[in-house]
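Structure assessment
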Amino acid sequence: MIEQRKKLGEGPKMADSKDFLQQLLELNQTGDVKTSLSMKEINAVLLNIVTGATDTTFTTIEWAMTELLRHPDKLRRVVEELDAIIGDQNIVEEFHLPRLLYLEAVVKETLRIHPPAPLLMPHMPSETIVVAGYTIPKNSNIFFNVWAIQRDTQFWEDPLQFEPERFLNVTEKRNYKGNSFDFFLFGSGRRICVGISMAEKIMMLVLVTLLHCFEWELPNGRKPDVKEQLRLVLSKVEPLVAVPIARSSNSMQYQ
Ligand code: HEM
């Protein structure tokens, strides 16, 4: 892909429509050591974005579906919200998303209990520093256990309970900006995840589509389990298996 783009970039076609890849490739040729990127660095940036974007968002969607299927009362509330805001006949559009406050709370509650990166990314101080009386030696590997913090009874009432309602009244404080140290699964500060708004949109759009267009049944009525394992991201041990049943009378939604 990079080779193809390099060839295209030499022609006049790319002059008016530079995308992200094109911008990166141009940084490869600045000739200035401070601002230029090697091809190895460009590959690393692209790999970082692809791996950081895919497994994290899709595992969250699987966890959200799992929790909703385990809690039919919460699922009913989501579907009622979708019917009221989007309506049976309409296809979901991006402008619907800011009005889906209960679904947003479901996504936050899913990310609280099952953060895809439970230890965030390792950080390393370049100098020895003292934080809150603790000395952290230069070059130590620092991990933040958000998984444990987001289940800590000191900050959360009934932390093991899936309760999206807890996010409905405190959205100001518990957003994704990393300014609240009891809920910071995207990290915090200058290395905070750069894909937050894209992740939010993808997760919401996929969930809305799955829940607006289909009812879901569990094979043999078996409740899905919530056993976790840490692979690239915090995943389900047993993948979720559920059967979709069309629920919309508008056949356009299935084309
Ligand atoms: C639910 C979805 C996601 C979660 C939970 C997540 C989580 C994280 C975390 C914990 C970090 C490290 C923060 C730190 O160093 O403390 C990070 C960094 C990063 N994320 Fe995400 N991420 C998600 C989605 C995405 C998406 C959709 C993209 C791309 C469009 C993305 C791109 C990146 C990149 C490029 C970095 C590195 C930023 C840097 O080092 O300056 N992530 N993410």
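Residues numbered from 1 in each chain as written. Predicted model: local features only at pLDDT ≥ 70, side-chain atom pairs only at ≥ 80, totals over all residues. Heavy atoms only, no water.

With that settled, the discussion passes to the coordination of the iron atom of the ligand. Ideal values differ by geometry: the angle at a metal is 109.5 degrees with four tetrahedral donors, but 90 or 180 degrees with six octahedral donors. Within the protein, a single donor atom binds the iron atom of the ligand, namely Cys193 (SG) at 2.3 Å. Position of Cys193 relative to the elements: it lies in the loop between helix 6 (146–149) and helix 7 (196–213). (Donors = N, O, S within 2.8 Å, 3.2 Å for Na, K, Ca; no water. Helix = DSSP H or I, 4+ residues; strand = E, 2+ residues; numbered from the N terminus.)

Under the UniProt annotation, the feature "binding site: heme" (unreviewed entry) is placed at Cys193. Taking the relative accessible area as the measure of exposure, Cys193 reaches 32% and is therefore partly exposed. (UniProt positions renumbered as here; feature names shortened; annotations may be inferred. Buried < 20%, exposed > 50% of the residue type's maximum accessible area, 1.4 Å probe, protein only.)

With that settled, consider the packing of helix 3 (residues 39–70) against helix 7. One can describe the packing of helix 3 onto helix 7 by two numbers: an axis separation of 10 Å at closest approach and a directional angle of 40°. Considering their axes alone, helix 3 and helix 7 lie oblique with respect to each other. Here the hand of the crossing between helix 3 and helix 7 comes out right-handed. Within the contact between the two elements, helix 3 uses Thr57, Phe58, Thr60, Ile61, Ala64, Met65 and Leu68 and helix 7 uses Ala199, Ile202, Met203, Val206, Leu207, Leu210 and Leu211. By residue class, the composition of the contact of helix 3 with helix 7 is 12 nonpolar, 2 polar and no charged. (Axes fitted to C-alpha atoms, helices over the stretch in contact; angles between N-to-C directions. Parallel < 35°, antiparallel > 145°, perpendicular 65-115°, else oblique. Left-handed = near helix turned anticlockwise from the far one by under 90°. Contact = heavy atoms within 4.5 Å. Nonpolar A, V, L, I, M, F, W, Y, C, P; charged D, E, K, R; others polar.)

Next up on the list: the packing of helix 3 against helix 5 (residues 101–113). One can describe the packing of helix 3 onto helix 5 by two numbers: an axis separation of 9 Å at closest approach and a directional angle of 105°. When the axes of helix 3 and helix 5 are compared, the pair comes out roughly perpendicular. Across the interface between the two elements, Thr60, Trp63, Ala64 and Leu68 from helix 3 touch Val106, Thr110 and Leu111 from helix 5. Of the residues that constitute the contact of helix 3 with helix 5, the class distribution is 5 nonpolar, 2 polar and no charged.

Turning to the side chain of Thr57, a few remarks are in order. Position of Thr57 among the secondary structure elements: in helix 3. Excluding its chain neighbours within four sequence positions, the residues that come into contact with Thr57 are Ala199 and Met203.

Of note, Thr66 is situated in helix 3. Every residue in contact with Thr66, bar those within four places of it in the chain, is listed here: Pro224, Asp225, Val226, Lys236 and Leu240.

Turning our attention to the site of the ligand. Residues in close proximity to the ligand total 20 residues, the closest being Met121, His123, Phe186, Arg191 and Cys193. Here Gly52 contributes a backbone N or O atom positioned 3.5 Å from a nitrogen atom of the ligand. Between the ligand and Arg191 there is a distance of 2.7 Å, counted from an oxygen atom to a side-chain nitrogen or oxygen. With 6 residues, the top contributor of residues to the shell around the ligand is helix 3. When its residues are assigned to classes, the shell around the ligand shows 12 nonpolar, 7 polar and 1 charged. (Near = heavy atom within 4 Å. Polar contact = N/O pair within 3.5 Å; in protein donor to acceptor, adjacent residues only side chain to side chain.)

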